[in-house]
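Below are the chains, spelled out letter by letter.
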Amino acid sequence: MIDPAYVQRMARYNRWQNQNLYGAADQLSDEERRRERGAFFGSIHKTLSHLLWADQIWMSRFFAEVPKPQAGIPESVSLYPDWDGLKRERAAFDETMIGWAATLDPSWLAGDLTWYSGAQQRELTNPKWILLTHLFNHQTHHRGQVHCMLTQAGAKPHATDFSVLPGSP
């Protein structure tokens, strides 16, 4: 099982890598960010929009203060049509995640969560620590796709190694 320190570290890693990728994407034109590149969600912009949506949907299940996005997976790619709006929402939500992680009680991690999955069209129950691990793994998966698309477009994201996360031992 994971502990609050792991969740806090991963929330900081999430913010650090989002700053990295959004900074690299900022060097591209809007046309390049929106170019279909064959990734699961197509473009850099769509993938980053989906990733923010996914973080919001999971956090709405974990933390009552986070409203559930009013869209499903298909609409997740178009929730933030404006690049500057997407960047602002991402940065603000990263701080929400870090703030939540800072107050996480170990006993919360030991419990289960039951939720209705729109993707599965049924109610599911899993240990909370597994779902948090999934959240962070999902982020890494899609950020890897974005990193590849950015590199294809000529942008140069910085290091992604967890071992060089600023402020980590």
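The structure under discussion appears in the preceding block.
Just so it is clear, the model here is predicted, and its values are computed rather than measured.

Q: Break down unusual backbone geometry for me, citing the residues and quoting the values.
A: With a phi angle near 55°, glutamine 121 is a residue other than glycine that sits in the positive phi range. For glutamine 121, the location among the structural elements is in the loop between β1 (112-117) and β2 (122-127). By relative accessible area, glutamine 121 is classed as exposed at 55%.

Q: Before we move on, could you go through the pairing of β2 and cite the residues and values that matter?
A: Two elements, β1 and β2, share six bridges in a ladder whose sense is antiparallel. Paired with aspartate 112 across the two strands is proline 127, which belongs to β2. Linking β1 to β2, which pair antiparallel, is a turn of four residues; within it glutamine 121 sits at a positive phi near 55°.

Q: How would you sum up the packing of helix α3 (residues 44-62) against helix α6 (residues 128-152)? Please name residues and give values.
A: Across the interface, α3 lies against α6 with an axial gap of 10 Å and an inter-helix angle of 170°. With respect to α6, the axis of α3 lies roughly antiparallel. For the pair α3 and α6, contact is made by Ile44, Thr47, Leu48, His50, Leu51, Ala54, Asp55, Trp58 and Phe62 and by Leu131, Leu132, His134, Leu135, His138, Gln139, His142, Arg143, Gln145, Val146, Met149 and Leu150, respectively. Of the residues that constitute the contact of α3 with α6, the class distribution is 12 nonpolar, seven polar and two charged.

Thresholds, definitions, all that
Residues numbered from 1 in each chain as written. Predicted model: local features only at pLDDT ≥ 70, side-chain atom pairs only at ≥ 80, totals over all residues. Heavy atoms only, no water. Helix = DSSP H or I, 4+ residues; strand = E, 2+ residues; numbered from the N terminus. Buried < 20%, exposed > 50% of the residue type's maximum accessible area, 1.4 Å probe, protein only. Pairing = 2+ DSSP bridges. Axes fitted to C-alpha atoms, helices over the stretch in contact; angles between N-to-C directions. Parallel < 35°, antiparallel > 145°, perpendicular 65-115°, else oblique. Contact = heavy atoms within 4.5 Å. Nonpolar A, V, L, I, M, F, W, Y, C, P; charged D, E, K, R; others polar.

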